[in-house]
Amino acid sequence: MPHMKRVFASVGGALALAACATTGSSQAIAETGADSKATSSPGEFNKDPYPSTYRPYPGVPTALVGATIFTGTGEQIDNGVVFFSGGEIVAVGGPDTPIPADIAVFDGTGKYVTPGVIDIHSHLGDYPSPSVPAHSDGNEATSPTTPDVWAEHSVWPQDPGFSRALANGGVTSLQILPGSANLVGGRSVTLKNVYSRTVQGMKFPGAPYGMKMACGENPKRVYGGRNTKPSTRMGNFAVNRQNWLDAIAYRDDEDRKRNLAKETMVGVLDGEILVHNHCYRADEMALVMDMAKEIGYRVTAFHHAVESYKIGDLLRENGVCSAIWADWYGFKMESYDAIPENAALLQQAGACVVIHSDSDQDIQRLNQEAAKAQAAGARLGIEIPDGEVIRWITLNAAKAMGIDTMTGSLEPGKMADVVLWNGDPLSVYSRPEKVWVDGALLFDAMDPKRRPVSDFELGQPGEGDVK
Amino acid sequence: MMRYLAFAAAPLALLAQPATAQDFAITNATVATGDGSEPIQNATVLVRGGKIAAVGAGIAIPAGVPTHDGVGTWVTPGLVAAVTDIGLADVSGVQSSNDISASKARFNAALDVTPAINPVSQHILVARGNGITRAVVAPSPSNSIFAGQGAIIDTGADSEPVMKARAFQMVTLAERGADIAGGSRTASHVELRNALREARDFAEGRWSGEDNLLNRADAEALGPVVAGRQQLLVQAHRASDIRAVIALAQEFPRIKLVLVGATEGWLVADEIARAGIPVIAESLQSLPERFEQLAASQSNIGRMRAAGVKVTFNASSARFTHMFTQYVGNLVALSRMPGATGLSWGEAFATISSRPAAAMGMAGQIGELKAGAAGDVVVWDGDPLEVSSAPVRVFIDGIEQPLENHQTRLRDRYRDLDESDLPKAYDW
């Protein structure tokens, strides 16, 4: 009832799923994105015209000692050590892990360490707070396919929501998606959760683009309501398939002129852009996976995939992740068969699980959402280790976003995106105590000033409050 | 878990008539009474004649009363959700199934949720499975600042959900109300005062039906509000809007006001406390989603409580009934965060049990394990505020309730994906 204004944007989120099996390709994809500035011959163009200007903030060599560590890879280390320096993880291990003498050491006794939490599905910035019409920048609902729009051109970097995701949720990276009014909503952008004056200053260096697609109710409602195509699910597919065929024809046309929409579609066909497909129903997901084969593209992840548990086998075979809530239920027709055991049943089937938020509220508690999904499985007799559950909100999300070679786990050489929790992150009673992004301490619950305050909040009631 | 299998309802129980209340006792459990106190270890809860008979350690169990060993479990009163819309929609996004608001109605204050509540709505069944046994069900305003009259219900598996019909009137003086009333807070306030005046005139026989803005039904419906016989729940969020509600209390001293929302309540907590107005408050909202919520903080409830406000958890501040205990658990987590104000475990649990009951004038009747209260008892597999815990048994008025619903049936069907003999459609 209180969140209805947001339901549309959030419920319509794209389901981009990076395949959990794409580990090897993400680096290549990232490099393609980063190195594509050459504009030498006709048909080639700058694929990175709004390049990331993000630079890590200064940090000091730091060791967290004595804590329980969830590495993000599924592993749990009791009484462990995490040492990072120069913005990178240097060492992770048991109590005997050597650390230099003259560095900052935090006693983690009774505390927990995880990689920075990653939200694969957020609308921070494109549906920012305050949620006023002037800020409604997530759905270019003027045409059923808008692959030409880029979410980064809508993101307001002063959204107060970024700070809540950091301080309350330990979120260090997130994918901002267009909404789900359209069959093809446009390009996503992956951000470091670090405030900047510009969106370029938040862009995750080397992250591939995603393309948001949407199945089901939203596109047919939005356009059918205007008596335009699509007004049915079969209309959804017809428009999608023709759109893909047109993209293939464009790709194969040697005399093509630049076309922003087609460039995004071709980016998907070429494997450079990852498809995140909002899709609730199992039967529709199965059809989309066949459409992907028909056309020759990959679906990385289905988002809001509340019925994935019905087709865990198909999703495993196709290597498609399910980005899901723990327990959202019954708010729209296509969510009527959602069950809290979805994640656990997928895990049991060997399919890839990512817990997502699609919410400026739940992004502050992805750890708790994952814990609820774990517990629902346990009651069904499906025991999933804590380390695997943390993986749902760290490394699995990173893989599905194509950034897993850079972040998502505590492994030497990776970005020092680290959360120190004041207790077990799978407990409702725990909160982030400190959060580092690329080794820089950007939130500290023990230091009132080590907390971001967006421009919007300055001079207003509650400025700088713990929130 | 195995020991509960004997009590698990068979699928057909969904259709069965309710059983009669049975006397029973649960022993050796961790018991939270819901009154704000901390849990009691190794305690007993005794239910007789559909009511709580005794609670505590060392309770004598009368001969012949069936006793269940609750070792390893937690036992609490059934949760009280205030305010919520469960039972008013099957799927909120499917308009034909949605009775939460009546945007095209010719009436407003006279609207009454009582005949609209569907006791077999999956949302009621799911809520029951989440330990919620009583709910304060409110309509939502749409074409008037008055949303209509809400009810207090139980979530029991029987045909009579309404415990107290027309328990309250709901009105909004929030941004939404200003928009409905004509585009300004100036309009919503004059709308409210005019309606109260016309209702008073009606009640005193000075209402002609001419030169009135209310129709007869709405004027009549507001009579109990003006007379102080029916609570008036007022939605407001901004500090200045809350002050305006406090001023309303001084202007109309007979009206029994309850604040709903109060996102910025912590900024005016002392004034609310002095006015003695109960607050059903936003909980984990930390964002300025609207301009009326600029000072939003998860410490809202904790700070009001510390200032002496009669504050409780607004169930509609959590999106789904799965989340009520989680949200309240987060209020406990806040108590460990520097600069934040949370609640003790006992106080946090009370905000989903005895405090909402008290705010609605039902203290001692529901939401509490206390002699004489309704026999609403929930047995949990762990700390009820912890995200890993869930109810394993639910009693309402002493009657054990089925915990099956559409979700559990789907879960059981898709426990495996085997269709080697027959399609899944035959697996039921």
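Residues numbered from 1 in each chain as written. Chains lettered and ligands numbered in written order. Predicted model: local features only at pLDDT ≥ 70, side-chain atom pairs only at ≥ 80, totals over all residues.

Student: Any chance you could break down the overall build of chain B for me, citing the residues and the numbers?
Tutor: Looking only at helices and strands, chain B features 12 helices and 16 strands. Relative to the compact-globule value of 22 Å for 428 residues, chain B shows a C-alpha radius of gyration of 22 Å, a close match. For chain B, the C-alpha atoms occupy an extent of roughly 65 × 50 × 45 Å along the three principal directions. Counting only residues that meet the buried cut, chain B has 59% of its 428 residues in that class. (Helix = DSSP H or I, 4+ residues; strand = E, 2+ residues; numbered from the N terminus. Rg over C-alpha atoms; globule rule 2.2 N^0.38 Å. Buried ≥ 20, exposed ≤ 12 C-beta atoms within 10 Å, placed from the backbone.)

Student: Describe the overall build of chain A, with residues and values.
Tutor: The helix and strand inventory of chain A stands at 12 helices and 17 strands. Scaling as 2.2 N^0.38, a compact globule of 467 residues should have a C-alpha radius of gyration of about 23 Å, and chain A matches this with 21 Å. Residue pairs at least 24 apart in sequence account for 72% of intrachain contacts in chain A once pairs closer than 6 positions are excluded. (Contact = placed C-beta atoms within 7 Å.)

Student: Describe the domain arrangement of chain B, with residues and values.
Tutor: Residue and element names in this part refer to chain B. As far as domains go, chain B holds domain 1 (2–76 + 386–404) and domain 2 (79–365). The C-alpha centroid of domain 2 is placed 30 Å from the C-alpha centroid of domain 1. With 18 residues of domain 1 at the contact, the number on the domain 2 side is 19 residues. The element that contributes the greatest number of residues to the side of domain 1 that touches domain 2 is strand 15 (residues 391–396), accounting for three residues. Among the residues making up the side of domain 1 that touches domain 2, the classes are represented as nine nonpolar, five polar and four charged. (Domains from an automatic or database assignment. Nonpolar A, V, L, I, M, F, W, Y, C, P; charged D, E, K, R; others polar.)

Student: Account for unusual backbone geometry, naming residues and giving values.
Tutor: Cis rather than trans, the peptide bond between Lys229(A) and Pro230(A) has omega equal to 5°. One can find Pro230(A) in the loop between helix 4 (217–224) and helix 5 (233–252). In this structure, Val83(B) follows Ala82(B) across a cis peptide bond, with omega equal to -10°. Here Val83(B) shows up in strand 6 (residues 79–84).

Student: How would you explain helix 5 of chain A if you had to name every residue and give the values?
Tutor: One turn of an α-helix holds 3.6 residues; hence residues three or four places apart share an orientation. In a regular helix each residue adds 1.5 Å, so 20 residues correspond to 28 Å; helix 5 of chain A covers 29 Å between its end C-alpha atoms and thus fits that length. Against the buried residues of helix 5 of chain A lie helix 4, helix 6 (260–269) and helix 7 (282–295) of chain A. (Expected span 1.5 Å × (residues − 1).)

Student: Requested: an account of the packing of helix 5 of chain A against helix 6 of chain A, with residues and values cited.
Tutor: All names here are of chain A. It is at 9 Å that the axes of helix 5 and helix 6 come closest, and there the two elements cross at 90°. Taken as axis vectors, helix 5 and helix 6 run roughly perpendicular relative to one another. Of the residues in helix 6, those in contact with Trp244, Ala247, Ile248, Tyr250 and Arg251 of helix 5 are Lys262, Met265, Val266 and Leu269. Tallied by class, the residues present in the contact of helix 5 with helix 6 amount to seven nonpolar, no polar and two charged. (Axes fitted to C-alpha atoms, helices over the stretch in contact; angles between N-to-C directions. Parallel < 35°, antiparallel > 145°, perpendicular 65-115°, else oblique.)

Student: So, the environment of Arg221(A): which residues are in play, and what are the values?
Tutor: Residue and element names in this part refer to chain A. Summarising the element assignment, Arg221 is placed in helix 4. The class for Arg221 is partly exposed, based on 17 C-beta atoms found within 10 Å. Separated by 12 residues in the primary sequence, Arg221 and Arg233 have C-alpha atoms spaced 9.9 Å apart.

Student: Summarise the interface of chain B and chain A; cite the residues concerned and give the values.
Tutor: The interface is formed by 51 residues belonging to chain B together with 51 residues belonging to chain A. Those elements that place two or more of their residues in the side of chain B that touches chain A are helix 1 (122–129), helix 9 (324–334) and helix 12 (406–413) of chain B. Ranked by the residues each element gives to the side of chain B that touches chain A, the list is headed by helix 9 of chain B, at five residues. Residue composition of the side of chain B that touches chain A, grouped by class: 24 nonpolar, 18 polar and nine charged.

Student: So what's going on with the sheet that holds strand 12 (residues 299–303) of chain A? Which residues, and what values?
Tutor: Residues and elements named next belong to chain A. The strand order across the open sheet formed by six strands is 8-10-11-12-13-14, and the pairing between neighbours is mixed. Two strands bound the open sheet, and with one partner strand each, they are strand 8 (184–187) and strand 14 (353–355). Strand-to-strand twist across the sheet, computed as the mean angle between neighbouring axes with direction ignored, equals 20°. Sheet analysis places strand 10 (residues 210–214) next to strand 11 (residues 274–278), joined by five bridges and oriented parallel. Within strand 11, the residue paired with Gly210 across the bridge is Leu274. (Pairing = 2+ DSSP bridges.)

Student: Can you tell me about the packing of helix 9 (residues 342–349) of chain A against helix 10 (residues 366–379) of chain A, naming the residues and giving the values?
Tutor: Residue and element names in this part refer to chain A. It is the contact of helix 9 with helix 10, at a shortest axis distance of 7 Å, that shows an interaxial angle of 70°. Accordingly, the angle class assigned to the pair helix 9 and helix 10 is roughly perpendicular. With respect to the hand of their crossing, helix 9 and helix 10 are arranged in right-handed fashion. Contacts from Ala343, Ala344 and Gln347 of helix 9 reach helix 10 at Ala373, Ala376 and Gly377. (Left-handed = near helix turned anticlockwise from the far one by under 90°.)

Student: Which residues make up the sheet that holds strand 6 of chain B, and what values go with them?
Tutor: Strands pair in a sheet through their backbones, by hydrogen bonds, and they do so in one of two ways: parallel or antiparallel. All names here are of chain B. Taken in spatial order, the eight strands make up an open sheet running 6-7-8-9-10-11-12-13, and their pairing is mixed. The strands lining the two open edges of the sheet, one partner per strand, are strand 6 and strand 13 (311–313). Adjacent strand axes in the sheet meet at a mean angle of 25°, parallel and antiparallel pairs treated alike. Judged from the six bridges that link them, strand 8 (residues 146–154) and strand 9 (residues 162–172) form a sheet pairing that is antiparallel. Directly across from Gly150, in strand 9, lies its bridge partner Phe168.

Student: Which residues make up the pairing of strand 16 (residues 432–437) of chain A, and what are the values?
Tutor: Residues and elements named next belong to chain A. By the criterion of burial, strand 16 is predominantly enclosed, with six of the six residues buried. Direction of pairing for strand 15 (residues 418–421) relative to strand 16: antiparallel, over a ladder of four bridges. Paired with Trp421 across the strands is Pro432, a residue of strand 16. Bridging between strand 16 and strand 17 (residues 440–444) involves four bridges; their strand directions are antiparallel. What sits directly across from Val437, in strand 17, is Ala440. Hairpin geometry of strand 16 and strand 17 is characterised by an intervening segment of two residues between the two adjacent antiparallel strands and by a positive phi of about 50° at Asp438.

Student: Which residues make up the nonpolar core, and what values do they have?
Tutor: Counting 261 residues, the largest nonpolar core has Val82(A), Val354(A) and Leu259(B) as its most contacted members. Discounting residues that sit within four places of it in the chain, Val82(A) has contacts with Ala63(A), Leu64(A), Ile69(A), Val92(A), Val113(A), Leu410(A) and Val418(A). (Core = buried A, V, L, I, M, F, W, Y, C linked by C-beta atoms within 7 Å.)

Student: How would you summarise the environment of Leu346(A) if you had to cite specific residues and measurements?
Tutor: All names here are of chain A. Mapped onto the fold, Leu346 is located in helix 9. A tally of 26 C-beta atoms within 10 Å means that Leu346 is categorised as buried. Linking Leu346 and Ala373, residues 27 residues apart in sequence, is a C-alpha distance of 11 Å. With near-sequence residues (within four places) excluded, Leu346 lies in contact with Ser308, Tyr309, Gly312, Leu315, Ser322, Ala351 and Val353.

Student: Kindly report on the environment of Asp270(B), identifying the contributing residues and their values.
Tutor: Residues and elements named next belong to chain B. Assignment of secondary structure puts Asp270 in helix 7 (residues 269–275). When the 12 C-beta atoms within 10 Å are taken as the criterion, Asp270 is described as exposed. Separated by 36 residues in the primary sequence, Asp270 and Ala306 place their C-alpha atoms 9.6 Å from one another.

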